Amino acid sequence: MAHGSETNQLTEPEFVAGNGLLHRRALLGRGIVFAGAVSTGLGAVTAAAAEPLSDAPWSLNVGTPIPAYQTPSRFEAHVVRTRDNPDNVPRNSRARTPHQMLKGIITPNGLHFTICHGGVPDIDPAQHRLVIHGLVRRPLVYTVEALDRYPMVSRIGFVECGGNSAPLFSNQPIQADVQALHGLTSCSEWTGVLLSTLLEETGIDPKAKWMIAEGADSPHLSRSVPVAKGLDDAMIAMYQNGERIQPGQGYPMRLWLPGYEGNMNVKYLRRIKLTEEPAMSYYESRTYSQILPNGKAYRFYFLQEVKSFISSPSPGLKLKEPGYYEITGVAYSGTGRIAKVMVSADGGKSWGEAALQAPILPKAFTRFRMPWRWNGGPAILQSRAWDEGGNAQPTRAQFVALRGETTKPPAVTDFPSQHFNAITSWAVDAKGDLRHVYA
Amino acid sequence: MSMRKVALCSAVLFALTVGALAAETPNLGKPIDPKDIAPWDISIMPDGTGLPPGSGTPAQGAPIFAQKCAACHGDKGTGGIAASVTAGPSRATLDGGKTIANFWPYATTVFDFIRRAMPYNRPHSLTDQEVYALTAYLLSLNNLIGPNDVMNAQTLPKVKMPNRDNFIIRFPERI
């Protein structure tokens, strides 16, 4: 810092909201963040000199052979999904994405969330078939090999379980990390054949309003989807981030309905039947119908509405010392692009606008970033998103007034209801520990 | 997409394929006779479309349940490692308690789900006759039919489900 007096004259930290939120301009390379710390004394840390540098063993010895299919460093072995049914007992099984340890918008394939209702099937693509029938001019059967010759499109987008974030329906905040609370959403580049291309070949009887999509897995999971969605942007997805879709995502093909409830994105897709009416399958008429406080229930919710959460800092990621941190997370909306994300460090009393990392794509994760100088005192971190349609992510109070909450805390793995998209709050204490709160 | 737009799209597509057969798509799908689709065409509609021949009563279902279902769903359906399938509370809340009696809108869904997904470890192993009997047994556990009522393709869709009219379409414009 020999030239400190010169750099300090450039700029002072520019606070945009209470409790240390800095203007997002700080992320644009203007250099205020570190220069300002010393001059204003806002950071309690004075930089101690670094240790002398020396060579470690890996710099003095030849490394290992290159593997055919690489996996992350052994030092990243803790970055894994959490599984709620590792022994595959006869019930649903889920694996959740560790958002607290990811920084981009693409979920690595090995970390994409998975829910299976009868284990992961081991499907031979040479024997897999997709049949489209019902109210069509002519029913057709497609092989994987045939579909691989079709014109394809690639789109980046999220898939979110309708039950993601369900622990936030608890009447008291459940102490869990972002992976446990929000780990049933992920985002990938999906490549495949637009369903409209195949429906053009089968023809559609004008009477058809619905299509029943069904999987080749053991429960033959089945959901009814409006034909309107099928003709809009539905895809027979066969590739995930460039490689063949993972077994946990529906190998060799899944129905991808951008922005719609995960369960409708039928994996291991083998049949699409066009009909006049919905089938009222188990998952649409029971599981994914949401009880309301007045005793009625929503049906055909479909849409994953505008939402965001802070992935870092978050519970489990301790702030080791006061000073500069980047508050970051993801925002997404089933109706289109994210327009704006606001961040608060004082529990919603004041807000600053976060920087949105390009690309900002429709129905996809958008990474937001907010520079923050933690003063070592209590803070409550929140993010709130708006989409390009003007839809605002609700506060929890607004949300619960409409959708209800439990009367006692459920297990963190329970699903009291679905389609929770309200604001999440992380409280920071003076030790730098974070916990989940309602604020 | 509005209903009108959908109808229009559908009509256009239909006309297109009837006329000049989709010249710009690869056309690598193979035509198939509906009777060859039958083994996969397992969806049962709320009006009973798709229900197979056969029938069953609660009395016939009880021993099948004890043998093939109780290990997970408990003795007489009172719950085990899998959910209870009995009547339960009068109303479901966010604390739980969705049952066939207080929540499921259509009895056909019971048949459809058992046949496609149960028993968990051996789905598709039950005969249609057994599925009718188990469906009847569950409906009687939920006090929706009498102990001697016969469930078949005609009677099952007519079972009165108390919660049927309690649903609100969340986004009607998306259908």
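Residues numbered from 1 in each chain as written. Chains lettered and ligands numbered in written order. Predicted model: local features only at pLDDT ≥ 70, side-chain atom pairs only at ≥ 80, totals over all residues. Heavy atoms only, no water.

S.K.: Tell me about the sheet that holds strand β10 (residues 210-215) of chain A, and name the residues and values.
M.R.: The strand order across the open sheet built from six strands is β11(A)-β10(A)-β15(A)-β6(A)-β7(A)-β1(B), with neighbouring strands paired in mixed fashion. Because the sheet does not close on itself, it has two edges, and the strands there are β11 (222-226) of chain A together with β1 (30-31) of chain B. (Pairing = 2+ DSSP bridges. Helix = DSSP H or I, 4+ residues; strand = E, 2+ residues; numbered from the N terminus.)

S.K.: Tell me about the confidence of the model for chain A, and please be specific about residues and values.
M.R.: All names here are of chain A. For chain A, the mean per-residue pLDDT works out to 94, and 93% of the residues sit at or above 70. A low-confidence stretch, residues 1-10 stays under pLDDT 50, and its non-local contacts, those more than four residues away or across chains, total five contacts. Within the model, the stretch residues 30-44 combines pLDDT values under 50 with 28 contacts to residues more than four positions away or in other chains. (pLDDT = per-residue confidence, 0-100. Contact = heavy atoms within 4.5 Å.)

S.K.: Could you give an account of the interface of chain B and chain A, naming the residues involved and the relevant values?
M.R.: Between chain B and chain A, the residue contacts involve 58 residues of the former and 78 residues of the latter. With both sides pooled, the region where chain B packs onto chain A buries about 6200 Å², and carbon together with sulfur makes up 64% of that total. Broken down residue by residue, the surface that chain B buries against chain A is led by W40, L94 and Y120 of chain B, which jointly contribute 14%. For the pair chain B and chain A, the number of links is four salt bridges. One salt bridge in this structure joins E214 of chain A and R116 of chain B, with 2.9 Å as the shortest N-O distance. Considering each element in turn, the side of chain B that touches chain A owes the most residues, nine residues, to helix α1 (residues 3-18) of chain B. The residue inventory of the side of chain B that touches chain A, partitioned by class, reads 37 nonpolar, 11 polar and 10 charged. Relative to strand β4 (residues 167-169) of chain B, strand β17 (residues 297-299) of chain A runs parallel, the two sharing three bridges. Pairing of A297 of chain A across the sheet is with F167 of chain B, part of β4 of chain B. (Buried area = accessible area lost by both parts, 1.4 Å probe. Salt bridge = Lys/Arg side-chain N within 4 Å of Asp/Glu carboxyl O. Nonpolar A, V, L, I, M, F, W, Y, C, P; charged D, E, K, R; others polar.)

S.K.: Can you lay out the packing of helix α5 (residues 108-117) of chain B against helix α6 (residues 128-141) of chain B for me, pointing to particular residues and giving the numbers?
M.R.: Residue and element names in this part refer to chain B. Relative orientation of the contacting elements α5 and α6 amounts to 130°, with a least axis distance of 9 Å. Looking at the two axes, α5 sits oblique to α6. The interaxial crossing formed by α5 with α6 has right-handed handedness. Residues V110, F111, I114 and R115 of α5 lie in contact with α6, whose contacting residues are D128, V131, Y132, L134, T135, L138 and L139. Among the residues making up the contact of α5 with α6, the classes are represented as eight nonpolar, one polar and two charged. (Axes fitted to C-alpha atoms, helices over the stretch in contact; angles between N-to-C directions. Parallel < 35°, antiparallel > 145°, perpendicular 65-115°, else oblique. Left-handed = near helix turned anticlockwise from the far one by under 90°.)

S.K.: Talk me through the pairing of strand β24 (residues 379-387) of chain A; I want residue IDs and the actual numbers.
M.R.: Where a strand is regular, its side chains alternate between the two sheet faces. Residues and elements named next belong to chain A. The element β24 is largely enclosed, with a buried count of seven among its nine residues. By the bridge criterion, six bridges tie strand β20 (residues 338-344) to β24 in an arrangement that is antiparallel. In the strand pairing of β24, V343 is matched with S383. Inspection of the sheet shows β24 paired to strand β25 (residues 425-428) by four bridges, in the antiparallel sense. The residue of β25 that forms the bridge with A379 is V428. (Buried < 20%, exposed > 50% of the residue type's maximum accessible area, 1.4 Å probe, protein only.)

S.K.: A description of unusual backbone geometry should follow, citing residues and the corresponding values.
M.R.: Here A358 of chain A and P359 of chain A are connected by a cis peptide whose omega angle stands at 0°. As for its placement among the helices and strands, P359 of chain A is situated in the loop between β22 (355-356) and β23 (366-374). Cis geometry is found at the peptide bond from M118 of chain B to P119 of chain B, where omega equals -10°. Residue placement: P119 of chain B occurs in the loop between α5 and α6. Positive phi, close to 55°, is recorded for M280 of chain A, a residue that is not glycine. Residue class for M280 of chain A comes out buried when judged on its relative accessible area of 4%. Positive phi, normally seen in glycine, also occurs at K76 of chain B, with a value near 55°. By the element assignment, K76 of chain B lies in the loop between α4 (70-73) and α5.

S.K.: Now, about α6 of chain B: what can you tell me, with residues and values included?
M.R.: Residues and elements named next belong to chain B. Its 14 residues give α6 an end-to-end C-alpha distance of 20 Å, which sits within 8% of 20 Å, the value for a rise of 1.5 Å per residue. Turning to α6, its buried residues are E130, V131, Y132, A133, L134, T135, A136, Y137, L138, L139, S140 and L141. The secondary structure elements touched by the buried residues of α6 are β2 (55-56), α3 (58-68), α5 and β3 (151-152). Taken from the residues just after α6, N143 is the one with a positive phi, measuring 60°. (Expected span 1.5 Å × (residues − 1).)

S.K.: Outline helix α8 (residues 396-403) of chain A, listing residues and values.
M.R.: Residues and elements named next belong to chain A. When we look at burial in α8, the residues that qualify are R396, F399, V400 and R403. On an axial view of α8, the arc spanned by its buried residues comes to 95°, and they lie on one face. Opposite the buried face of α8, at more than 90 degrees from it, the exposed residues are A397, A401 and L402. If you follow the buried residues of α8, they end up packed against β16 (290-291) and β17. Looking at the residues trailing α8, positive phi occurs at G404, about 85°. (Arc of directions from axis to C-beta.)

S.K.: Give me the state of the cysteines: which residues, what numbers.
M.R.: One pass over the full model with this rule turns up zero disulfides over all chains. Sulfur of C116 of chain A: no disulfide; nearest cysteine sulfur belongs to C161 of chain A and is 12 Å away. Not part of a disulfide, C69 of chain B finds its nearest cysteine sulfur in C72 of chain B, a span of 8.9 Å. (Disulfide = S-S within 2.5 Å.)

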